[in-house]
Amino acid sequence: LYDFLRIDESRLALVVADVSGKSVPGSLGMTMARSVLRAQALSRHGVAETLHKTNEVIQPDIRRGMFVTMFYAVLDSAANTLTCANAGHNAAYLARGGQVLDIAPEGIALGLVPAHQFYVDELVVDLQAGDLLALYTDGVTEAMNAASEEYGDERFKESLAKAAGLPLERALQALLDDVKAFVAG
């Protein structure tokens, strides 16, 4: 899942998530998590608090053994910041000046534990002109070629570093092309 939600005139919520289940149960779990998250985000809680409240609501009702990993961030265009929390999802990457930085606050997946055991850290990142932020699922880094090798985090970071100076649409296409070339069909 990926989603965007306008919180106010300067803040935009960004979400990327993955559910552990498949088929109808997985779809229902993700739908529940998305709906609850959107309601909590509009309540104007902080980023970590939004994930805490989301877990508190979905955990009692999510199918046993199922969970949702989620990277949730709020982009504040007035302050040039990204405030984020990570509920067991892949790190986000920030390409800046030829380097790729991991944005990986710690946290546990949604639905795994009751509210009193749930935790996520919150991180504020100061953004600069030209930064390229990548939120993704493991479908990118676990893409396999014919030799059963995974695309991997390092290859993805190298591709991001190369794409960082390009206009956004070209950067996205370069990333997609690199993954497609690696898996070779």
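Note that the coordinates shown come from a computational prediction; the quantities given were computed from them, not determined experimentally.

(A) How the structure looks around the overall build of the protein chain. From N to C terminus, the protein chain includes 5 helices and 8 strands. Taken from the N to the C terminus, the helices and strands of the protein chain come in the order β-β-α-α-β-β-β-β-β-β-α-α-α. In summary, the protein chain has a C-alpha radius of gyration of 17 Å against a globular reference of 16 Å for 185 residues, a match within 12%. Seen through its principal axes, the protein chain has C-alpha atoms that stretch 45 × 40 × 25 Å. Residues counted as buried form 44% of the 185 residues belonging to the protein chain. In the protein chain, once contacts between residues fewer than 6 apart in sequence are set aside, the share between residues at least 24 apart is 62%. Just so you have it, the protein chain exposes about 9800 Å², and 51% of that area is on carbon and sulfur atoms. Distance between charge centroids for the protein chain: 5 Å, based on 15 positive and 24 negative side chains.

(B) Quick peek at the nonpolar core. Within the largest apolar cluster, 28 residues are counted, with the highest numbers of intra-cluster contacts made by Leu51, Val68, Met70, Tyr72 and Phe118. When contributions to this core are tallied by element, the ones reaching two or more residues are strand 2 (11-19), helix 1 (23-42), helix 2 (47-58), strand 3 (68-76) and strand 4 (81-87). For this core, the element with the highest residue contribution is helix 1, accounting for 5 residues. Apart from residues no more than four positions distant in its own chain, Tyr72 is found in contact with Ile7, Ala13, Leu14, Val15, Leu37, Ala41, Val47, Thr50, Leu51, Thr83, Cys84 and Ala85. One finds Leu132, Tyr151, Phe156 and Val179 within the second-largest nonpolar core, a separate group that totals 16 residues.

(C) Highlighting the sheet that holds strand 3. Ordered by their spatial adjacency, 5 strands build an open sheet running 1-2-3-4-7, and the pairing between neighbours is antiparallel. Two strands in the sheet have a free side with no partner beyond their single neighbour: strand 1 (2-6) and strand 7 (122-126). Looking at each pair of strands side by side, their axes are set apart by 20° on average, direction ignored. Judged from the 5 bridges that link them, strand 4 and strand 7 form a sheet pairing that is antiparallel. Residue pairing across strands places Ala85 opposite Glu122, the latter belonging to strand 7. With respect to the sheet, helix 2 is in contact with strand 3, strand 4 and strand 7, its orientation differing from that of strand 4 by roughly 30°.

(D) Structural view of helix 4 (residues 153-163). Of the positions making up helix 4, those classed as buried are Phe156, Lys157, Ser159, Leu160 and Ala163. All buried residues of helix 4 lie within an arc of 160° about the axis, which places them on one face of the element. Across helix 4 from its buried face, at more than 90 degrees, point the exposed residues Glu154 and Lys162. Contacts from the buried residues of helix 4 go to strand 5 (92-96), strand 6 (99-103), strand 8 (132-134), helix 3 (138-141) and helix 5 (168-183).

Analysis parameters
Residues numbered from 1 in each chain as written. Predicted model: local features only at pLDDT ≥ 70, side-chain atom pairs only at ≥ 80, totals over all residues. Heavy atoms only, no water. Helix = DSSP H or I, 4+ residues; strand = E, 2+ residues; numbered from the N terminus. Rg over C-alpha atoms; globule rule 2.2 N^0.38 Å. Buried < 20%, exposed > 50% of the residue type's maximum accessible area, 1.4 Å probe, protein only. Contact = heavy atoms within 4.5 Å. Areas by Shrake-Rupley, 256 points an atom, 1.4 Å probe, with all protein chains shown as cover. Lys, Arg positive; Asp, Glu negative; His and termini not counted. Charge placed at Lys NZ, Arg CZ, Asp CG, Glu CD. Core = buried A, V, L, I, M, F, W, Y, C linked by side-chain atoms within 4.5 Å. Pairing = 2+ DSSP bridges. Axes fitted to C-alpha atoms, helices over the stretch in contact; angles between N-to-C directions. Arc of directions from axis to C-beta.

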